[in-house]
Amino acid sequence: MMEELYAKFLPQFLELARDRMQRAYATVARPEGAALTVMVRDLHGIAGEAGLLGLAKIVPLARSAEDQAKRLRDGGAGEGADTKALVSALDELQGAIESLGGTAKPKEST
Amino acid sequence: MGDADPVRFMLRAEIRCSGQALISSGFELTEASIFVVTDWRPPAGTELSVRLSFPTLVEPVELGGRVAERRVAGCPGEPGGIVIAFNESSRASAADLTAQIHELCAHARARPAEPVTYRVLLVEDNGLIRDMFTFGIRRSFQPPATVVIDHAEDAERAWSKLLDSHYDLIIVDYFLPSEDGASLIARLRQDERLTHVPIVAISVGGRSARDATISAGADLFLDKPLVLTDLLHTVQILAGRGNTPGGRRPTVLVLDDSPLVLSVTRFALESAGLTVAVAENLATFERLRVTASPDLILIDVQMPEAFGDDIASTLRGWHGVHVPILLVSSLEESELARRARAAEATGYVRKEAGMSALIHRCKELLGSAA
């Protein structure tokens, strides 16, 4: 069943995730309150959707990026170290999303 | 039961004969024959195969046979068509199918132990037809079983009702103002939320209306004038599924702000044999909570309008909702468990645990009904 889910919904997941990542990178370039909140929600959304689709590699990376985004949001813009850590987390997540490429198989975590 | 005891139940009949195919409605099923409404007039003895089914009730059964009789349309309510006599090799399957439908009929006649509500959307611009149908339904159903008929006069109104509410059956007239019934049916079938809802198309339009609506995705087509008793009887059987243990599929209502999560969850839970209603916002959720009578409610926690644990808490404390409620989230486990306890939710499932874990938990809570 997971393979069927994966085949049916992966394209939609990828499309949404790419939009969210694009928005996240734009926010990191110009961090401000409302956009940071949207970024946190976007990354949280990626983690949840990936979890239900059994994309086990994506989930911890999305959660890590979400945590970094929360730190930046709660610490305020202009925190250089936080931004750097967030960009690094986003890069890792972006790489994992792109590596899905329609060939990786889902792995259900238990 | 024998030939003298035909089943008053409409079936979808797909006939194949020498490379030709037609889809129509079958009535008067016995273990030996069935009558199929059609204006096709093959010679008696013509060999063919017929596939009989009804969405959500009867899995397709393929039967071989030959044309035993041709009937010319008589007075209104007596449609023309052919009687197909089944081959010896198909008799056993026909007998099984007949027995299955008789059993469904018996359950439909039984007085339900608990209130059962069955919702029908009738898309029909003719007020008198709507009144006839509503009157017939009211006469046919005795409390605690109820059928709620909702009306829409055109495709747009129907579409808006379908997005807001859950229906167990949709009946669509072909000739509607501005957008015809076939176009509406095609739209319905493209929407994942409505793929599994049975659709009956009705019209005076004859073959062209039948071909258009069946091609668009209608399960059955009925010529007007309608044999209202047959349609009502079929609705009764559909509704009567609620009388049997395991007959009515339990309904799960899912609230999540992610359309993808809703699509994935719906697909997986429906594949697991459950009926699913989904809501992307609180207004839709509240309407569905009342109209779909869910047996289980799944609520995401972090949503733009409200936190899921606050919603669960309000359902329990204010609305007195007793059905199981699960929080479904990608929050940390300890945080999710704490919120579930505080909200008096039945439990929680982490999204990271995957869909199999969610299905397992749903089935566990729904018990034998699932």
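So, how was this worked out
- Residues numbered from 1 in each chain as written.
- Chains lettered and ligands numbered in written order.
- Predicted model: local features only at pLDDT ≥ 70, side-chain atom pairs only at ≥ 80, totals over all residues.
- Heavy atoms only, no water.
- Pairing = 2+ DSSP bridges.
- Helix = DSSP H or I, 4+ residues; strand = E, 2+ residues; numbered from the N terminus.
- Axes fitted to C-alpha atoms, helices over the stretch in contact; angles between N-to-C directions.
- Contact = heavy atoms within 4.5 Å.
- pLDDT = per-residue confidence, 0-100.
- Core = buried A, V, L, I, M, F, W, Y, C linked by side-chain atoms within 4.5 Å.
- Buried < 20%, exposed > 50% of the residue type's maximum accessible area, 1.4 Å probe, protein only.
- Buried area = accessible area lost by both parts, 1.4 Å probe.
- Salt bridge = Lys/Arg side-chain N within 4 Å of Asp/Glu carboxyl O.
- Polar contact = N/O pair within 3.5 Å; in protein donor to acceptor, adjacent residues only side chain to side chain.
- Nonpolar A, V, L, I, M, F, W, Y, C, P; charged D, E, K, R; others polar.
- 1 Å grid on protein atoms, 1.4 Å probe; cavity = no way out; pocket = protein on both sides within 12 Å on 5 of 7 lines; lining within 4 Å.
- Points joined across faces, edges and corners; volume = space filled by probe spheres on them.

**Some remarks on the sheet that holds strand β3 (residues 33-37) of chain B**
Backbone hydrogen bonds are what pair the strands of a sheet, in a parallel or an antiparallel way. Residue and element names in this part refer to chain B. Taking strand neighbours around the barrel as the criterion, the six strands line up as β1-β2-β3-β6-β5-β4 in a closed arrangement whose pairing is antiparallel. The sheet shows a mean angle of 45 degrees between the axes of neighbouring strands, direction not considered. Sheet topology places β3 next to strand β6 (residues 81-86); five bridges connect them, and they run antiparallel. Within β6, the residue paired with I34 across the bridge is I84.

**Observations concerning the sheet that holds strand β14 (residues 296-300) of chain B**
Residues and elements named next belong to chain B. One open sheet holds the five strands; their spatial order is β13-β12-β14-β15-β16, and the pairing between them is parallel. In the strand order of this sheet, the two ends are held by β13 (275-279) and β16 (347-350), each with one partner. For this sheet the average axis-to-axis angle between neighbouring strands, irrespective of direction, equals 20 degrees. Bridging between β14 and strand β15 (residues 325-329) involves four bridges; their strand directions are parallel. Looking across to β15, one finds that L298 is bridged to L326. Against the sheet, helix α7 (residues 259-271) engages β12 (251-255), β13 and β14, with an angle of about 170 degrees to β13.

**Topic: the confidence of the model for chain A**
Scored by pLDDT, chain A comes out at a mean of 84, with 85% of its residues at no less than 70. Within chain A, helix α2 (residues 33-52) of chain A carries the highest mean pLDDT (91), whereas helix α4 (residues 80-100) of chain A carries the lowest (88).

**Description of the nonpolar core**
Membership of the largest hydrophobic core comes to 57 residues, with the highest contact counts inside it found for A:F13, A:I58 and B:L298. Per-element accounting of this core gives the leading share, 11 residues, to helix α1 (residues 2-29) of chain A. Beyond its immediate sequence surroundings of up to four residues, A:I58 is in contact with A:F13, A:I46, A:A50, A:L93, A:A96, A:I97 and A:L100.

**Quick look at the interface of chain B and chain A**
A common way to state how big an interface is: give the accessible area lost once the parts meet. Across the boundary between the two partners, chain B contributes 26 residues, which contact 21 residues of chain A. Summing both sides of the interface, chain B and chain A together bury roughly 2000 Å²; the carbon and sulfur share of this comes to 64%. Contact with chain A buries surface across chain B, with B:L260, B:F267 and B:E352 losing the most and accounting together for 32% of the total. Between A:R63 and B:E352 there is a salt bridge, with its nearest N and O atoms 3.2 Å apart. Applying the counting criterion to the chain B and chain A interface returns seven residue pairs in polar contact (both at pLDDT 80 or more). Those elements that provide at least two residues to the side of chain B that touches chain A are α7 and α11 (354-366) of chain B. At seven residues, α7(B) tops the list of elements feeding residues into the side of chain B that touches chain A. When grouped by side-chain class, the residues that make up the side of chain B that touches chain A number 12 nonpolar, eight polar and six charged.

**Describing empty space enclosed by the protein**
Following the criterion strictly, the structure yields one cavity of 30 Å³ or more and no others. The wall of the largest cavity is formed by A:L52, B:V254, B:L255, B:D256, B:V261, B:T265, B:L298, B:I299, B:D300, B:V328, B:K351 and B:L358. Within the residue set of the lining of the largest cavity, elements represented by two or more residues are β12, α7 and β14 of chain B. Ranked by residue count, the leading element in the lining of the largest cavity is β14(B), at three residues. For the lining of the largest cavity, the residue count by class is eight nonpolar, one polar and three charged.

**Looking at the side chain of B:S25**
Residues and elements named next belong to chain B. Mapping S25 onto the fold places it in strand β2 (residues 20-27). Among the residues examined, S25 registers a relative accessible area of 0% and is labelled buried. Only 2.7 Å separates the side chain of S25 from the backbone oxygen of F221, close enough to count as a polar contact.

**So, the environment of B:S33**
Residue and element names in this part refer to chain B. You can see S33 is positioned in strand β3. Taking relative accessible area as the criterion, S33 reaches 18% and is therefore assigned buried. Separated by 34 residues in the primary sequence, S33 and V67 place their C-alpha atoms 9.6 Å from one another. In this structure, S33 is in contact with E28, V83, I84, A85 and F86, ignoring residues within four places of it in sequence.

**Side note on unusual backbone geometry**
Residues and elements named next belong to chain B. In this model, S178 sits at a positive phi of 70 degrees, which is unusual for a non-glycine residue. With respect to the secondary-structure elements, S178 resides in the loop between β9 (169-173) and α4 (181-190). Classification of S178 by relative accessible area gives exposed; the value is 80%. Although it is not a glycine, E344 adopts a positive phi angle of roughly 60 degrees.

**Some thoughts on the pattern of salt bridges**
Residue and element names in this part refer to chain B. Evaluated as defined, the whole model comprises 32 salt bridges over all chains. In this structure, R339 and D309 form a salt bridge, with 3.2 Å as the shortest nitrogen-oxygen distance. Taken together, the residues R339 in helix α10 (residues 333-342) and D309 in helix α9 (residues 308-317) connect sequence positions 30 residues apart. Using a relative accessible area of 14% as the deciding quantity, one classes R339 as buried. Counted as one network, the salt bridges with shared partners bring together R12, E14, R16, R51 and E62.

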